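Descriptive structure summary
The lines below spell out each chain.
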Amino acid sequence: SQQGEEDPQALSIQEGENATMNCSYKTSINNLQWYRQNSGRGLVHLILIRSNEREKHSGRLRVTLDTSKKSSSLLITASRAADTASYFCATDNYGGSQGNLIFGKGTKLSVKP
Amino acid sequence: NAGVMQNPRHLVRRRGQEARLRCSPMKGHSHVYWYRQLPEEGLKFMVYLQKENIIDESGMPKERFSAEFPKEGPSILRIQQVVRGDSAAYFCASSPPSVAGLGEQFFGPGTRLTVL
């Protein structure tokens, strides 16, 4: 079943602007991760935030987690054309085998130069 | 320090043929995961393996699909008697034993299967 649901499905911005993507999930989690996928390529891990953390930064990336609302957001500041990609949130399989990630459908980000 | 390797990158099969997808995890990683991605969709978990052991195959279709991760060599995802609906990108990921399913997974470039 679908766990993460990203919002919006597509986002188009100008270079230099900030991009915010949201993710909602349904069950309890141990952690939540964000991945990037360039067209026709594999996924690249961006950041992992644990259930007891509320905010995490990595370079131009800022991730927040609100476990009471079962939601997370990914903020990319000062966007660049190279940030154009699809972004997915993924949660662990809480209570399950712990082996698999459960992905949302992704947000397709387009950054225009 | 090679990343996760998958081959072939593109595979074309006719209906009824077999497809074999290979995955070599990162060095030192003994946990392998297979995912399937349909166009414009997120990744869907298929199977989680350790060396010589299937840990979780809850995402695998009951028929025609099988996976293995032998003591020596790559992990293999095998699809028998392929149908058009099997056309998708298949991604392999790996992680070290210390992380298992609770941390970052390192993804390969994927195999794009097209069934004619």
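Located above this text is the structure these notes cover.
A quick note: this is a predicted structure, and the numbers were derived from the prediction, not measured.

The next point concerns the interface of chain B and chain A. Across the boundary between the two partners, chain B contributes 23 residues, which contact 25 residues of chain A. Summing both sides of the interface, chain B and chain A together bury roughly 1800 Å²; the carbon and sulfur share of this comes to 50%. Taken as a group, B:Leu43, B:Leu102 and B:Phe107 account for 28% of the area that chain B buries against chain A, more than any other trio of residues on that side. The tally of links between chain B and chain A comes to one salt bridge.

As a further point, take the pattern of salt bridges. Side chains that differ in charge, positive against negative, can pair when their charged atoms come close. Residue and element names in this part refer to chain B. Counted according to the given criterion, the structure contains eight salt bridges over all chains. A salt bridge links Lys-44 to Glu-41; the nearest nitrogen and oxygen atoms lie 4.0 Å apart. Of the residues examined, Glu-41 reaches a relative accessible area of 24% and is grouped as partly exposed. With a closest N to O distance of 2.7 Å, Arg-64 and Asp-86 form a salt bridge.

Assignment of secondary structure puts B:Val4 in the segment before β1 (5-7). Remark: the alpha-carbon pair of B:Val4 and B:Gln17, spanning 13 residues in sequence, is separated by 26 Å.

Turning our attention to the sheet that holds strand β3 (residues 19-24) of chain B. What links the strands of a sheet is backbone hydrogen bonding, and the strands pair in either a parallel or an antiparallel sense. All names here are of chain B. Here we have four strands laid out as an open sheet, ordered β1-β3-β8-β7, and antiparallel in their pairing. Every interior strand has two partners, whereas the edge strands, β1 and β7 (65-68), have only one. Pairs of neighbouring strands in the sheet enclose a mean axial angle of 15°, with direction left out of account. Pairing analysis gives four bridges linking β7 to strand β8 (residues 75-79), with the strands arranged antiparallel. Looking at the pairing, Phe-65 lines up with Ile-79 of β8.

Definitions and cut-offs
- Residues numbered from 1 in each chain as written.
- Chains lettered and ligands numbered in written order.
- Predicted model: local features only at pLDDT ≥ 70, side-chain atom pairs only at ≥ 80, totals over all residues.
- Heavy atoms only, no water.
- Contact = heavy atoms within 4.5 Å.
- Buried area = accessible area lost by both parts, 1.4 Å probe.
- Salt bridge = Lys/Arg side-chain N within 4 Å of Asp/Glu carboxyl O.
- Buried < 20%, exposed > 50% of the residue type's maximum accessible area, 1.4 Å probe, protein only.
- Helix = DSSP H or I, 4+ residues; strand = E, 2+ residues; numbered from the N terminus.
- Pairing = 2+ DSSP bridges.
- Axes fitted to C-alpha atoms, helices over the stretch in contact; angles between N-to-C directions.

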